[in-house]
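# A structural walkthrough
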Amino acid sequence: MHTDTERRPSLALDLIGEFRPLVVDQAITTLARANQLRPEQARTEDGRAGILLTEAGRAALIDAHERRMLHTTRGALPGFTGSLHRQAQHLAAHIDHSIPFTGLSWR
């Protein structure tokens, strides 16, 4: 769980974290396999750690992310469809002490 700090949406980050493998990781893997995210779409900046995307790199990543978000993820259980909205409802019910909170498990 993310710690509560000023200007960080910790609860939103915790909730969305369960979807990272299915959205972000899948989008990046799809881009890499299709050779749509290339070394020339990355850059470094003096005094700043890490590798930054160029405008073209960001555009490719945003497009892949949006396409992935339109994809409905189905689980192993009949009738189950995972969504951020569904998990937000589960979290709200847990906070209300109505149900135990369980994270999503993907296979």
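As shown above, the structure is provided for reference.
Remember, it's a predicted structure, so these values are computed and weren't measured experimentally.

### Re unusual backbone geometry
Apart from glycine, the bulk of residues carry a negative phi angle, and the bulk of peptide bonds sit in the trans form. Positive phi, normally seen in glycine, also occurs at Asn35, with a value near 55 degrees. Within the element layout of this structure, Asn35 appears in the loop between helix H2 (24–33) and strand S1 (42–45).

### Observations concerning the packing of H2 against helix H3 (residues 55–69)
H3 packs onto H2 with a crossing angle of 120 degrees between their chain directions and a minimal axis gap of 9 Å. Accordingly, the angle class assigned to the pair H2 and H3 is oblique. Two packed elements cross with a definite hand, and for H2 against H3 that hand is right-handed. Of the residues in H3, those in contact with Gln26, Ala27, Ile28 and Leu31 of H2 are Ala60, Leu61, Ala64, His65 and Arg68. Across the contact of H2 with H3, the residue classes tally to 6 nonpolar, 2 polar and 1 charged.

### Looking at the pattern of salt bridges
The tally for this structure, following the rule as stated, stands at 6 salt bridges. The partner of Glu45 in a salt bridge is Arg43, and the shortest N-O contact between them spans 2.8 Å. By relative accessible area, Glu45 is classed as partly exposed at 34%. The shortest N-O distance in the salt bridge between Glu55 and Arg58 comes to 2.3 Å. Linking Glu55 with Arg58, this pair stays in helix H3, spanning 3 residues, or about one helical turn. With a relative accessible area of 58%, Glu55 lands in the exposed category.

### Looking at the pairing of S1
The sheet contact formed by S1 and strand S2 (residues 48–53) spans 3 bridges and is antiparallel. Looking at the pairing, Glu45 lines up with Arg48 of S2.

### Side note on the environment of Ala12
On the secondary structure map, Ala12 appears in helix H1 (residues 10–17). Sequence separation of Ala12 and Ala88 is 76 residues, and the distance between their C-alpha atoms is 9.1 Å.

Procedures and definitions
Residues numbered from 1 in each chain as written. Predicted model: local features only at pLDDT ≥ 70, side-chain atom pairs only at ≥ 80, totals over all residues. Heavy atoms only, no water. Helix = DSSP H or I, 4+ residues; strand = E, 2+ residues; numbered from the N terminus. Axes fitted to C-alpha atoms, helices over the stretch in contact; angles between N-to-C directions. Parallel < 35°, antiparallel > 145°, perpendicular 65-115°, else oblique. Left-handed = near helix turned anticlockwise from the far one by under 90°. Contact = heavy atoms within 4.5 Å. Nonpolar A, V, L, I, M, F, W, Y, C, P; charged D, E, K, R; others polar. Salt bridge = Lys/Arg side-chain N within 4 Å of Asp/Glu carboxyl O. Buried < 20%, exposed > 50% of the residue type's maximum accessible area, 1.4 Å probe, protein only. Pairing = 2+ DSSP bridges.

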